[in-house]
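The chain contents come next:
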Amino acid sequence: MRNPPTPAVENKEQQTGEPSRPTATTSQQQQQTIMMNALDKSLRRARRNTFKTLALVYLAFLICWTPNSFIFLLWNLGLQVDNSSVVYRITVIMAVSNSAINFVIYGFKYKQFRKGLKVLLQCDERLARNVTSFAEID
């Protein structure tokens with residue numbers, strides 16, 4: 001025997017037993033699209049800013065450490081290196097200064113870093129006592 005034909009289901013609620021959700025109107029969809037585009041744009045800007053900062057930090061690292069590393073390589077290859085020469089001392093100073101340069105780069109690039117630094121340098125006990133992380137500083 002053949003099964004009797006099933007009646008056509010008119011909406012999703014009848015089909016699945018779940019209440020159907022109202023569909024968004026065109027204006028709501030447009031607003032959501034605009035918000036998503038703005039969020040996407042903001043995220044791209046933040047990523048680009050992070051990439052630029054990391055590129056600056058990497059470039060500073062290369063500039064500061066390459067001369068000293070080259071002299072160290074020459075010394076490892078058996079060449080005489082005068083550790084008291086002005087050139088060697090300058091390369092050591094450049095290598096050590098890399099830590100301070102990173103600090104400056106982050107200070108220029110990130111507003112949140114500057115605000116946290118102000119809290120630390122001002123030594124304002126009231127403000128510092130209430131802050132448990134730099135994320136809370138606004």
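See the structure shown above.
J.: So, the packing of helix H3 (residues 86–109) against helix H4 (residues 111–122): which residues are in play, and what are the values?
T.: Remark: H3 packs on H4, axes separated minimally by 5 Å, with the N-to-C direction vectors making an angle of 110 degrees. It follows that H3 is roughly perpendicular to H4 by the angle criterion. Each of Phe103, Tyr106, Gly107, Phe108 and Lys109 in H3 lies in contact with H4, whose residues at this interface are Lys111, Phe113, Arg114 and Leu117. Classifying every residue of the contact of H3 with H4 gives five nonpolar, one polar and three charged.

J.: Report on the packing of aromatic side chains, specifying residues and quantitative values.
T.: Following the criterion strictly, the structure yields five aromatic pairs and no others. Note on phenylalanine 72 and tryptophan 75: the rings are 5.6 Å apart at their centroids and 25 degrees apart in plane angle, and the pair reads as stacked. With phenylalanine 72 and tryptophan 75 both in helix H2 (residues 26–76), this residue pair falls three residues apart, about one helical turn. A residue is classified by how much of its surface remains accessible, and tryptophan 75, at 49% relative accessible area, is partly exposed. Taken together, a centroid distance of 6.1 Å and an interplanar angle of 45 degrees make the contact between tyrosine 106 and phenylalanine 113 tilted. Accessibility expressed as a relative area gives 29% for tyrosine 106, which makes it partly exposed. One aromatic cluster in this structure is built from Phe103, Tyr106, Tyr110 and Phe113.

Scoring rules and cut-offs
Residues numbered from 1 in each chain as written. Predicted model: local features only at pLDDT ≥ 70, side-chain atom pairs only at ≥ 80, totals over all residues. Heavy atoms only, no water. Axes fitted to C-alpha atoms, helices over the stretch in contact; angles between N-to-C directions. Helix = DSSP H or I, 4+ residues; strand = E, 2+ residues; numbered from the N terminus. Parallel < 35°, antiparallel > 145°, perpendicular 65-115°, else oblique. Contact = heavy atoms within 4.5 Å. Nonpolar A, V, L, I, M, F, W, Y, C, P; charged D, E, K, R; others polar. Phe/Tyr/Trp six-rings, centres within 6.5 Å; stacked < 30°, edge-to-face > 60°. Buried < 20%, exposed > 50% of the residue type's maximum accessible area, 1.4 Å probe, protein only.

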